[in-house]
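Structural features, examined
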Amino acid sequence: LISGYVKNGHNIAAFDRFRRILHEGCLPNSVTLSCLLRACGHMMQLEKGKELHTEVISRQHEMLSERDVVLGTSLVDMYCRCGELGHAQRVFDQLLYHDVASWNALISGYSSHGAKHAEKALDCFRQVQCQGLTPDTITFVCILKACGSIGAFGKGREIHSEILRQGLLGRNAILGNALVDMYAKCGKLVEAEQVFDELPLRNVVSWNVLVSGYSQHGHDEKALDCIERMQCEGVPPESVTFLSISKACGNIGAVEKGSEIHAKILREGLLHNNNMLGTALVDMYAKCGALAKAQNLFEELPFRNVVSWTTLIAGYGRIGEHTTVFGLFKQMTREGIEPN
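Residues numbered from 1 in each chain as written. Predicted model: local features only at pLDDT ≥ 70, side-chain atom pairs only at ≥ 80, totals over all residues. Heavy atoms only, no water.

Looking at the overall build of the chain
- Along its length, the chain carries 20 helices and zero strands.
- Residue burial in the chain is summarised as follows: out of 340 residues, 48% are buried.
- When contacts within the chain are restricted to residue pairs at least 6 apart in sequence, those whose partners lie at least 24 apart make up 58%.
- In the chain, 34 side chains carry a positive charge and 37 a negative one; their mean positions are 2 Å apart. (Helix = DSSP H or I, 4+ residues; strand = E, 2+ residues; numbered from the N terminus. Buried < 20%, exposed > 50% of the residue type's maximum accessible area, 1.4 Å probe, protein only. Contact = heavy atoms within 4.5 Å. Lys, Arg positive; Asp, Glu negative; His and termini not counted. Charge placed at Lys NZ, Arg CZ, Asp CG, Glu CD.)

This is the structure we're talking about:
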């Protein structure tokens, strides 16, 4: 029952059931604790996770985390998700047996916490290979992410060759998307396009990765073309797509295209409770010099934070409307928003 709650994202309910277990005098086993550790990671509840770790240690005669690789992997994963990579590494080092799943938990943690930890992820991957273990799809996805974050194009291309050798690409959209993303982040857009065009299965995430790559590297016209191509293939854009497209419109001053995108977003009802998308549209209008539209949209946002305020202030600053800039700044502070 607890496993079912955790798998479906009902983490608080899982802990409610755990309290009932204890109240009824039952002792949790390693499976129970593994599920709850996963819930802690999803909620980033480090203190709860540490309490469960203490429970494991206090009952070592029954469940040694060093010998129970599943429980140990859950501990590593929990600490990684909570940003405690040092704790994760120490738990991992205490395990007497490492399988691909435990390595994946550690590699995923390093690759998910920015470029400064990407080299450690790559080092872990080398150790996996040295130990004669066979990396799986999860391993490759995490390593490709690490390669993209530090621009390790050569290593990424090696991984691509290994994926093709194992025949993994034909049946896994997530892996294909990770390859496109890696090449795009490394600035190798020709390679990203080639992988994208050869994908046997393309979904909205595939398109988002390509559009984002174009937008980030100044290929804004190509990013805009993707919207038309998506519609031809019957793939509806989503909020993430519109974020990148709005940025592209702002970069090249395509206010008419931006207005069309705005209209589509309104028709889809995506602006409601999506402050990032609203702010992106304010930024697009501001960069296009349409400050009246930017101001009107800003005032209609259901929620305004320091980013949306700064976006509008920057727009007026670009055209030298300094009086308006300082007026907005005063209004922002009056509303209790702390400047950054």
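Here's the deal with the packing of aromatic side chains
- In the structure shown here, the tally under the stated rule is five aromatic pairs.
- In this structure, K48 packs its charged tip against the face of F15, placed 4.9 Å from the ring centre.
- One Lys or Arg, K188, reaches over the ring of F153 and ends 4.8 Å from the middle of that ring. (Phe/Tyr/Trp six-rings, centres within 6.5 Å; stacked < 30°, edge-to-face > 60°. Lys NZ or Arg CZ within 6 Å of the ring centre and 35° of its normal.)

Things to note about the environment of K188
- Turning to its location among the elements, K188 is positioned in the loop between α11 (173–185) and α12 (189–198).
- When the C-alpha positions of K188 and F153 are compared, they lie 8.1 Å apart, and in sequence the two are 35 residues distant.
- With sequence-adjacent residues up to four places away left out, K188 is seen in contact with F153 and Y183.

Describing the pattern of salt bridges
- Applying the stated criterion to the full structure yields 13 salt bridges.
- For the salt bridge of K257 with E228, the shortest nitrogen-to-oxygen distance reads 2.7 Å. Of the two residues, K257 sits in helix α16 (residues 255–268) while E228 sits in helix α14 (residues 220–232), which places them 29 residues apart along the sequence.
- The exposure class of E228 is partly exposed, given its relative accessible area of 35%.
- When the shortest N-O distance is used, the salt bridge between K257 and E260 registers 3.6 Å. Taken together, the residues span about one helical turn, with K257 and E260 both in helix α16 at a distance of three residues.
- Here the residues in one salt-bridge network are E228, K257 and E260, joined through shared partners. (Salt bridge = Lys/Arg side-chain N within 4 Å of Asp/Glu carboxyl O.)

Here's the deal with the confidence of the model for the chain
- Per-residue confidence for the chain averages 93 on the pLDDT scale, and 97% of its residues sit at or above 70.
- Summarising per-element confidence for the chain, the mean pLDDT is lowest in helix α4 (residues 46–58) (89) and highest in helix α7 (residues 100–111) (97). (pLDDT = per-residue confidence, 0-100.)

Concerning helix α13 (residues 204–216)
- The end-to-end C-alpha separation of α13 is 18 Å, in line with the 18 Å expected for 13 residues at 1.5 Å each.
- Judged by how many residues are buried, α13 sits mostly within the fold: 10 of 13 residues are covered.
- Among the residues of α13, those classed as buried are V204, S206, W207, N208, V209, L210, V211, G213, Y214 and S215.
- Those residues of α13 that are buried are in contact with α11, α12, α14 and α15 (239–252).
- Measuring from the side-chain oxygen of the N-cap residue of α13 to the backbone nitrogen of V205 gives 3.1 Å; that N-cap residue is N203.
- Positive phi appears at G218, one or two residues downstream of α13, with a value of about 80°. (Expected span 1.5 Å × (residues − 1). Polar contact = N/O pair within 3.5 Å; in protein donor to acceptor, adjacent residues only side chain to side chain.)

Describing the packing of α11 against α13
- Contact geometry of α11 with α13 gives a least axis separation of 9 Å together with a crossing angle of 0°. Classed by the angle they form, the pair α11 and α13 counts as roughly parallel. For the pair α11 and α13, contact is made by N177, V180, D181 and A184 and by V205, S206, V209, L210 and G213, respectively.
- When grouped by side-chain class, the residues that make up the contact of α11 with α13 number five nonpolar, three polar and one charged. (Axes fitted to C-alpha atoms, helices over the stretch in contact; angles between N-to-C directions. Parallel < 35°, antiparallel > 145°, perpendicular 65-115°, else oblique. Nonpolar A, V, L, I, M, F, W, Y, C, P; charged D, E, K, R; others polar.)

A look at unusual backbone geometry
- Positive phi, normally seen in glycine, also occurs at M44, with a value near 55°.
- Tracing the backbone shows M44 in the loop between α3 (30–43) and α4.

A few points about the state of the cysteines
- Under the criterion given, the structure shown has zero disulfides.
- Of the cysteine sulfurs around C82, a residue in no disulfide, the closest is that of C40, at 7.1 Å.
- For C288, which is in no disulfide, the shortest distance to another cysteine sulfur is to C249 and amounts to 6.9 Å. (Disulfide = S-S within 2.5 Å.)

Description of helix α2 (residues 11–23)
- Between its first and last C-alpha, α2 extends 19 Å over 13 residues, near the 18 Å set by a 1.5 Å rise per residue.
- At the exit of α2 stands G25, carrying a positive phi of roughly 80°.

Quick word on the packing of α2 against α3
- Contact geometry of α2 with α3 gives a least axis separation of 10 Å together with a crossing angle of 145°. For the element pair α2 and α3, the recorded crossing hand is left-handed. Every residue of α3 that contacts α2 at N11, I12, A14, F15, F18 and I21 is listed here: T32, L36, A39, C40, H42 and M43.
- Split into classes, the residues belonging to the contact of α2 with α3 amount to nine nonpolar, three polar and no charged. (Left-handed = near helix turned anticlockwise from the far one by under 90°.)

Topic: the side chain of T32
- One can find T32 in helix α3.
- Sequence-distant contacts of T32, that is, excluding residues within four places in its chain, are made with I2, F18 and I21.

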